[in-house]
Amino acid sequence: MFAAAAAGLLATLALLLARAVLGPTVFDRLLAANATGTVAVLLLAVFGFLTGRPDFLDLALVYAMLNVVGTIAVLKFFRYGSLAE
Amino acid sequence: MRLAALAAALFAFWLLLSGIFTPFLVLSGLAAAVGVAALAWRMEVVDREGHPIHLMPGALAYWPWLVKEIVKSGWQVARIVLDPRLPISPTLVRFSPSQSTVVGLVTHANSITLTPGTLTIEAEREAFLVHALTRGGAAGLAGSEMDRRVTRLEGGP
Amino acid sequence: MSAALGFASWALLVAGAGACLVGALGTLRMPDFYTRAHAASLVDTLGAGFVLLGLALQAGWGLVAAKLALVGLLIFFTSPAAAHALARAALGRGLQPLLFGEDAPSKR
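What you see is a predicted model; the values in this text were computed from it and never measured.

Cut-off values and rules
- Residues numbered from 1 in each chain as written.
- Chains lettered and ligands numbered in written order.
- Predicted model: local features only at pLDDT ≥ 70, side-chain atom pairs only at ≥ 80, totals over all residues.
- Heavy atoms only, no water.
- Helix = DSSP H or I, 4+ residues; strand = E, 2+ residues; numbered from the N terminus.
- Buried < 20%, exposed > 50% of the residue type's maximum accessible area, 1.4 Å probe, protein only.
- Contact = heavy atoms within 4.5 Å.
- Buried area = accessible area lost by both parts, 1.4 Å probe.
- Salt bridge = Lys/Arg side-chain N within 4 Å of Asp/Glu carboxyl O.
- Polar contact = N/O pair within 3.5 Å; in protein donor to acceptor, adjacent residues only side chain to side chain.
- Pairing = 2+ DSSP bridges.

**Remarks on the environment of Trp61(C)**
All names here are of chain C.
Reasoning step 1: Note that Trp-61 resides in the loop between helix 2 (33-59) and helix 3 (63-92).
Reasoning step 2: In this structure Trp-61 comes out as exposed when scored by relative accessible area, which is 91%.
Reasoning step 3: Spatially, the C-alpha atoms of Trp-61 and Gly-72 are 16 Å apart, while their sequence positions differ by eleven residues.

Here it is, written out as structure tokens:
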């Protein structure tokens, strides 16, 4: 059943990637990238259970924290043209 | 009190990440937690806004209701997405929230965004600008049950 | 693990993965950025919540479940902030939302 969930999440990633490629605005791409981050966190967690290695959860935690910072950083860059503000 | 709660939360976070309970690691974790709490105290960020533990009892009552709402509206949005006709009627609505504290306003705005089908675009003290996926979702926003519950949570009027 | 618990966890995992799929499908089907954001929030809330809850049922009480809860809490606190920042930046940049009652979407 972990395999089924992982397959579903992988298909989700493919669809989100399609949206990120299609655009059309930069915000659509960012939205897809942000959702991709969430799905990556879930996929890491599920993968940890799939392979019986709960250590993957730590990676998921780090991804969850970085995801937000990444989105906000890119947004700031588009708003002000630089990251130093 | 607030400082002790912050140190305890940091210590719990350390234990969670380490997962190894040897005396040395637990003690150094305790030292690090107390140290960071002291730094936060010196920076004067441990106040009613930065670490609102006085809201915890209310929040514990509010969150289950919020989860119920999220599941309910999530189900609606999922049905809209799967509907071949895609029956959306996107609407912008502006209304004034009834919260008085910043934490209350943020909780309200975040709750709106967290519920699928509604998205807070601007959150000011005077007015929220909310984008809703359907007209029905937009109509129920001003003076909603969520609004009342968050106001009760922050201990307002 | 009891059979009932195993079944509940299985159902939650499938529901979570399904919610993620529906959300991603929504981001492809919706006509403009703001409506896509609604579909994407499905991934962040229902998808993440169900999958993490299903995993936590598998793990049982312990450090692993606590970590799952922390991941969930992190996603639930930060995803609305990110979505709000995104929408606000989009409106600030002059991306007009497609509203009900207006004509077919003009190409942007």
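Now that the structure has been shown, we can carry on.
**Quick look at the interface of chain C and chain A**
Reasoning step 1: Every contact between the two is made by 41 residues of chain C and, on the other side, 40 residues of chain A.
Reasoning step 2: The contact between chain C and chain A buries some 3600 Å² in all, and 82% of this surface belongs to carbon and sulfur atoms.
Reasoning step 3: Taken together, chain C and chain A are joined by two salt bridges.
Reasoning step 4: Its salt-bridge partner being Arg36(C), residue Asp28(A) comes within 2.5 Å of it at the nearest N-O pair.
Reasoning step 5: In this structure, the connection of chain C to chain A is made through six residue pairs in polar contact (both at pLDDT 80 or more).
Reasoning step 6: In terms of residue count, helix 3 of chain C provides more of the side of chain C that touches chain A than any other element does, 14 residues in total.

**Overview of the pairing of strand 1 (residues 91-95) of chain B**
Looking along a regular strand, one sees side chains alternate from face to face of the sheet.
All names here are of chain B.
Reasoning step 1: Only one face of strand 1 is covered, namely the one carrying Thr-91, Val-93 and Phe-95; the face carrying Leu-92 and Arg-94 has none of its residues buried.
Reasoning step 2: Sheet topology places strand 1 next to strand 3 (residues 128-132); five bridges connect them, and they run antiparallel. Across the sheet, Phe-95 pairs through a bridge with Phe-128, a residue of strand 3.

**Comments concerning the pairing of strand 3 of chain B**
Residues and elements named next belong to chain B.
Reasoning step 1: Among the five residues in strand 3, five count as buried, and that is most of the element.
Reasoning step 2: With burial as the criterion, each face of strand 3 is covered, one bearing Phe-128, Val-130 and Ala-132 and the other bearing Leu-129 and His-131.
Reasoning step 3: Direction of pairing for strand 2 (residues 118-123) relative to strand 3: antiparallel, over a ladder of five bridges. Paired with Thr-120 across the bridge in strand 3 is Val-130.
Reasoning step 4: Counted along the chain from strand 2 to the antiparallel partner strand 3, the turn is four residues long.

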